[in-house]
Amino acid sequence: MAPTDWPSVERIYAEGIATALATFETEPPTWPEFDREKRAELRLVAVENGAVVGWVALSTASARDCYSGVVEHSVYVSADARGRGIGRALLDALVVGADAAGIWTIQTSIFPENEASVALHERMGFRVVGRRERIARLDGRWRDTLLLERRSPSVD
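Bear in mind that the values here come from a model prediction, so they are computed numbers and not experimental data.

Asker: What should I look at first to understand the overall build of the protein in this one?
Answerer: Counting secondary structure elements, the protein contains four helices and six strands. Each helix and strand of the protein, placed in order from N terminus to C terminus, yields the pattern α-α-β-β-β-α-β-α-β-β. Relative to the globule expectation of 15 Å for 156 residues, the C-alpha radius of gyration of the protein, 15 Å, shows essentially globular dimensions. Its C-alpha atoms give the protein principal-axis dimensions of roughly 40 × 35 × 30 Å. Split into buried and exposed, the 156 residues of the protein put 42% on the buried side. Sequence separation of 24 or more characterises 59% of the internal contacts of the protein that already satisfy a separation of 6 or more. When the accessible surface of the protein is summed, it comes to about 8,500 Å², and 48% of that surface belongs to carbon and sulfur atoms. Looking at the protein, you have 19 positive and 23 negative side-chain charges, and the mean spots of the two groups are 4 Å apart.

Asker: Can you help me understand the pairing of strand β4 (residues 105-110) in this one?
Answerer: Regular strands show a simple pattern: their side chains alternate between the two faces of the sheet. As judged from the three bridges shared by strand β3 (residues 70-77) and β4, these two strands associate in the parallel manner. Pairing of E72 across the sheet is with Q107, part of β4. Handedness of the crossover joining β3 and β4 through helix α3 (residues 86-100) is recorded here as right-handed. Inspection of the sheet shows β4 paired to strand β6 (residues 141-151) by six bridges, in the antiparallel sense. Opposite T108, over in β6, you have L148 as the bridge partner.

Asker: Just checking my understanding: could you explain the sheet that holds β4 for this structure?
Answerer: Note on sheets: strands pair through backbone hydrogen bonds, and any given pair is parallel or antiparallel. Ordered in space as β1-β2-β3-β4-β6-β5, the six strands form an open sheet in which the pairing is mixed. The two strands at the open ends of the sheet, each matched to only one other strand, are β1 (44-48) and β5 (127-138). Along the sheet, successive strands turn relative to each other by an average axial angle of 25°, direction set aside. Pairing of β5 with β6 involves eight bridges; the strand directions are antiparallel.

Asker: Hey, could you run me through the side chain of K38 in this one?
Answerer: Of note, K38 is situated in the loop between α2 (31-37) and β1. E37 provides the closest opposite charge to the buried, salt-bridge-free K38, at an N-O distance of 5.4 Å. Here the side chain of K38 touches S74 through a polar contact of 3.5 Å, side chain to side chain. Once residues lying within four places of it in the same chain are set aside, the contact partners of K38 are R43, A57, L58, S59 and S74.

Asker: Hey, could you run me through helix α4 (residues 115-123) in this one?
Answerer: Helical geometry: 3.6 residues make up each α-helical turn, so side chains three or four residues apart lie on a common side. If you check which residues of α4 are buried, you get S117, V118, L120 and H121. End-on view of α4: buried residues confined to an arc of 165°, all on one side of the axis. Among the exposed residues of α4, those oriented more than 90 degrees off its buried face are E115, A116 and R123. In this structure, the buried side of α4 is in contact with β3, α3, β4 and β6.

Asker: How should I be thinking about unusual backbone geometry in this particular structure?
Answerer: Both trends apply: most residues other than glycine have a negative phi, and most peptide bonds are in trans. Residues other than glycine seldom take positive phi values, yet A20 does so here, at roughly 60°. By relative accessible area, which is 22% here, A20 ends up partly exposed.

Asker: Help me understand the nonpolar core in this model?
Answerer: A general tendency of soluble globular proteins is for nonpolar side chains to be buried together. L42, L58, I86, L94, I103 and I106 are the most contacted members of the largest nonpolar core, which has 23 residues in total. Of all the secondary structure elements, the ones that give two or more residues to this core are β2 (51-60), β3, α3, β4, α4 and β6. When residues of this core are assigned to their parent elements, the largest contribution, six residues, is made by α3. In this structure, I86 is in contact with A46, E48, V53, V77 and A81, ignoring residues within four places of it in sequence. The next biggest cluster of nonpolar side chains, apart from the first, holds 11 residues, and it includes W6, V9, I17 and V52.

Definitions and limits used
- Residues numbered from 1 in each chain as written.
- Predicted model: local features only at pLDDT ≥ 70, side-chain atom pairs only at ≥ 80, totals over all residues.
- Heavy atoms only, no water.
- Helix = DSSP H or I, 4+ residues; strand = E, 2+ residues; numbered from the N terminus.
- Rg over C-alpha atoms; globule rule 2.2 N^0.38 Å.
- Buried < 20%, exposed > 50% of the residue type's maximum accessible area, 1.4 Å probe, protein only.
- Contact = heavy atoms within 4.5 Å.
- Areas by Shrake-Rupley, 256 points an atom, 1.4 Å probe, with all protein chains shown as cover.
- Lys, Arg positive; Asp, Glu negative; His and termini not counted.
- Charge placed at Lys NZ, Arg CZ, Asp CG, Glu CD.
- Pairing = 2+ DSSP bridges.
- Right-handed = clockwise from strand over helix to strand, strands pointing away.
- Axes fitted to C-alpha atoms, helices over the stretch in contact; angles between N-to-C directions.
- Salt bridge = Lys/Arg side-chain N within 4 Å of Asp/Glu carboxyl O.
- Polar contact = N/O pair within 3.5 Å; in protein donor to acceptor, adjacent residues only side chain to side chain.
- Arc of directions from axis to C-beta.
- Core = buried A, V, L, I, M, F, W, Y, C linked by side-chain atoms within 4.5 Å.

Next up, the structure:
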């Protein structure tokens, strides 16, 4: 992902926000905010016919050294490109890159109602490790999230 991809990434992020199934965010961040919050390595975009149709990025889970190999990820696919394996390709590339970089845990929080995302993550080796009930409000309504994680096979 390059800064020039930001307009497309921002549009896809906004599409996800509009579903009320992807995030607690109510508007996309600015590029400087995104750039500050997401780790520079393994920010990836999927491109089809010259257009960005999806993205994935990592955030540091904790500033503590003992958690240096734990990250949280976000993955988004444009509305007109869903169901074509783009999310799987992005997650696959992320997992391969994360393993190579020494990351031992990739985690994410997903709304339980986002069944397609939960199923995709489970197919990619993530497992549900818990449900956080009434963790935050979205549009004035309490929402639950499922916490999923994927451990690197190199973890003994």
